[in-house]
Amino acid sequence: MQESEDVQRFERIVMPHLGAGYNLARWLTRNDHDANDVVQEAYLRAFRSFDRYRGGDARAWVLTIVRNTCYTWLRQQRATESAHTTDNVDDGVAEIPADPATEPEVQFIRNADRQLLREALEALPPEFREAFVLRELEGLSYKEIADVANIPLGTVMSRLARARSHLQHALLRRMKEGAG
Amino acid sequence: MMTCAHTQPLLSAYFDRELDIGKSLEIEAHLRECVRCATALQQHEATRAAFATPSLVFAPPAGLERRLHTALRRAAKPKARFFMPWRWAAVPLAATAAAVLSWVAAVHTSGRDAVSSELVSSHVRSLMVDHLVDVATSDQHTVKPWFNGKIDFAPPVADFTADGFPLVGGRVDYIAGRAVAVVVYKRRQHIVNVFIWPSGSDADQAPQTVAFQGYHLLRWQRSGLTFWAVSDVNAADLESLARLFQEPQIS
């Protein structure tokens, strides 16, 4: 079989970002099976619209498609689960903490084990979770996150601020409950 | 002088080195004096250190790349149109993503506090790198035509350098679900954002001060337009700026 040039070009440019795409899908779907399906669907979708790829940041381009495919999946999940969560995801400015964190609290966060971190991140609303995953696990800049999530730069800033604040509160709540 | 109320919303962006140098220096000065904000920054550092665990990045399962390799080759052939390998059919993605986003945007508090909150958020965001102005110039004759075609009304734009409010530029922002004009001024080292949109009535209203989360907001109505000036400068400075806007030569 003659391999099409398109496929080879696609695999050369887009396939290197399969790791980033899978990681984002895995965090948004929260399970292996659906992450697998979503990534396969997204990559086929990306291939079909590859003629619209105009060079530039291939990682951001394919992450955008993975992200949108994840949101379609999430929306279907919400439709099947009768009650979806109504997390407060407003983009207001971050609240001021009542008390400064103590040294043991900072240490607890620093040394939190993998399971605790994973539960805390999985519990975030998807809009905050994706911003945090793209920033902290994939190392994207605010500009790149804005492109992938199709939101203004300022919204990236407020979502990340709130993601961090939610995560820290969740971890410290576990500390008070005696985890770790 | 930065306060905690000014620092907290920016701290995460400061931590990510996404603020401009001026704001970063102000925050550093505040951090030297404020234990609460300094420990909040330490929490961000600790969070990053914790999540740097490599095992929190999920690697693609063995075989995924090979399955894609096969699927792509099949998709490249014309009969691929009839091949539907996945559990669910394709749906119009852009529309559903937009629906999710608008659902997110719809979760909001109501009333004037909500507008104040949006205005303060927009002001805070404007302090980020590359976000302050879309058109950067002190020339009012450049800013004014720039708004044409971007919004459906003509905001008054004037440079008040002689009165201590040099014009920095303009941008379009979204407040309360509509596109609004933002005319940006400097007052000493501070930024003043003046938000302008049609008020829906011709009644003029004298300036009223609203304080919100440590910021001053001054609201007035004139010639069918609503104005909100937002800044961390003092209320008297904002009132001087409002008076300049009331002068008849502005158009």
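Refer to the preceding data block for the structure.
Can you walk me through the overall build of chain B in this structure?
Within chain B, the regular secondary structure consists of 8 helices and 7 strands. Considering only residue pairs separated by 6 or more positions, chain B has 55% of its internal contacts joining residues 24 or more positions apart.

Looking at this model, I keep getting lost on the environment of Lys186(B). Mind explaining?
All names here are of chain B. Note on placement: Lys 186 falls in strand S3 (residues 178-187). As for Lys 186 and Ser 231, which are separated by 45 residues in sequence, their C-alpha atoms are 9.7 Å apart. Beyond its immediate sequence surroundings of up to four residues, Lys 186 is in contact with Pro 166, Val 168 and Ile 191.

Would you take a moment to explain the interface of chain A and chain B for this structure?
The extent of an interface is frequently quoted as the accessible surface area lost upon association of the parts. Counting residues at the interface gives 58 residues for chain A and 57 residues for chain B. Contributing elements (two or more residues each) for the side of chain A that touches chain B: helix H1 (5-13), helix H2 (18-29), helix H3 (32-48), helix H4 (58-80), helix H5 (103-110), helix H6 (114-122), helix H7 (126-137) and helix H9 (153-176) of chain A. Tallied by class, the residues present in the side of chain A that touches chain B amount to 28 nonpolar, 14 polar and 16 charged.

Mind showing me how you'd approach the packing of H9(A) against helix H3 (residues 35-51) of chain B here?
Two quantities define a packed helix pair, namely the angle between the axes and the distance from one axis to the other. The geometry of H9(A) relative to H3(B) is characterised by a closest axis approach of 11 Å and an angle of 80° between their N-to-C directions. Classified by the angle their axes make, H9(A) and H3(B) are roughly perpendicular. Residues Arg164(A), Leu167(A) and Gln168(A) of H9(A) form the contact with H3(B), whose participating residues are Gln43(B), His44(B) and Thr47(B). Of the residues contributing to the contact of H9(A) with H3(B), the split by class is 1 nonpolar, 4 polar and 1 charged.

How do you make sense of the sheet that holds strand S6 (residues 215-222) of chain B when you look at a structure like this?
Strands in a sheet are paired, the pairing made by backbone hydrogen bonds, and the direction either parallel or antiparallel. Residue and element names in this part refer to chain B. Strand order across the open sheet formed by 7 strands is S1-S2-S3-S4-S7-S6-S5, with antiparallel pairing between neighbours. Each edge of the sheet is formed by a strand with only one pairing partner; in this case those strands are strand S1 (135-136) and strand S5 (205-212). Examined bridge by bridge, S3 and strand S4 (residues 190-198) share 7 bridges and lie antiparallel to one another. Across the sheet, Lys 186 pairs through a bridge with Ile 191, a residue of S4. Helix H7 (residues 140-147) contacts S1, strand S2 (167-175) and S3 of the sheet and is inclined by roughly 20° relative to S2.

Please explain the packing of H6(A) against H9(A) as it appears in this structure.
All names here are of chain A. Interhelical geometry of H6 versus H9 gives an angle of 135° and a closest axis separation of 9 Å. Comparing their axes, H9 and H6 come out oblique. The crossing of H6 and H9 is right-handed. On H9, the residues touching Leu 116, Ala 120 and Leu 121 of H6 are Leu 167, Ala 170, Leu 171 and Arg 174. Across the contact of H6 with H9, the residue classes break down as 6 nonpolar, no polar and 1 charged.

Cut-offs used in this document
- Per chain, the residues get numbers from 1 upward, laid out in the order the sequence is written.
- Each chain takes a letter, starting from A, and each ligand takes a number, starting from 1, following the order in which they are written.
- Only residues with pLDDT of at least 70 get local features here, since the model is predicted, and only at 80 or more are side-chain atom pairs given and counted; chain-wide, interface and lining totals rely on the full set of residues.
- Under the scheme used here, helices are H or I runs from DSSP no shorter than 4 residues and strands are E runs no shorter than 2 residues, and both carry numbers assigned from the N terminus.
- Each residue gets a C-beta atom placed from its backbone, and two residues are in contact if those atoms lie within 7 Å.
- Amino acids are sorted into nonpolar (Ala, Val, Leu, Ile, Met, Phe, Trp, Tyr, Cys and Pro), charged (Asp, Glu, Lys and Arg) and polar (every other residue, Gly among them).
- Here an axis means a line fitted to C-alpha atoms, over the contact stretch when the element is a helix, while the angle between two N-to-C directions is reported on a 0 to 180 degree scale.
- When an angle is under 35 degrees it counts as roughly parallel; over 145 it counts as roughly antiparallel; between 65 and 115 it counts as roughly perpendicular; any other value is oblique.
- We treat two strands as partners when DSSP finds at least two bridges between them.
- Here is the rule for handedness: rotate from the far helix to the near one, and if that takes an anticlockwise turn smaller than a right angle the crossing is left-handed, while a clockwise turn gives right-handed.

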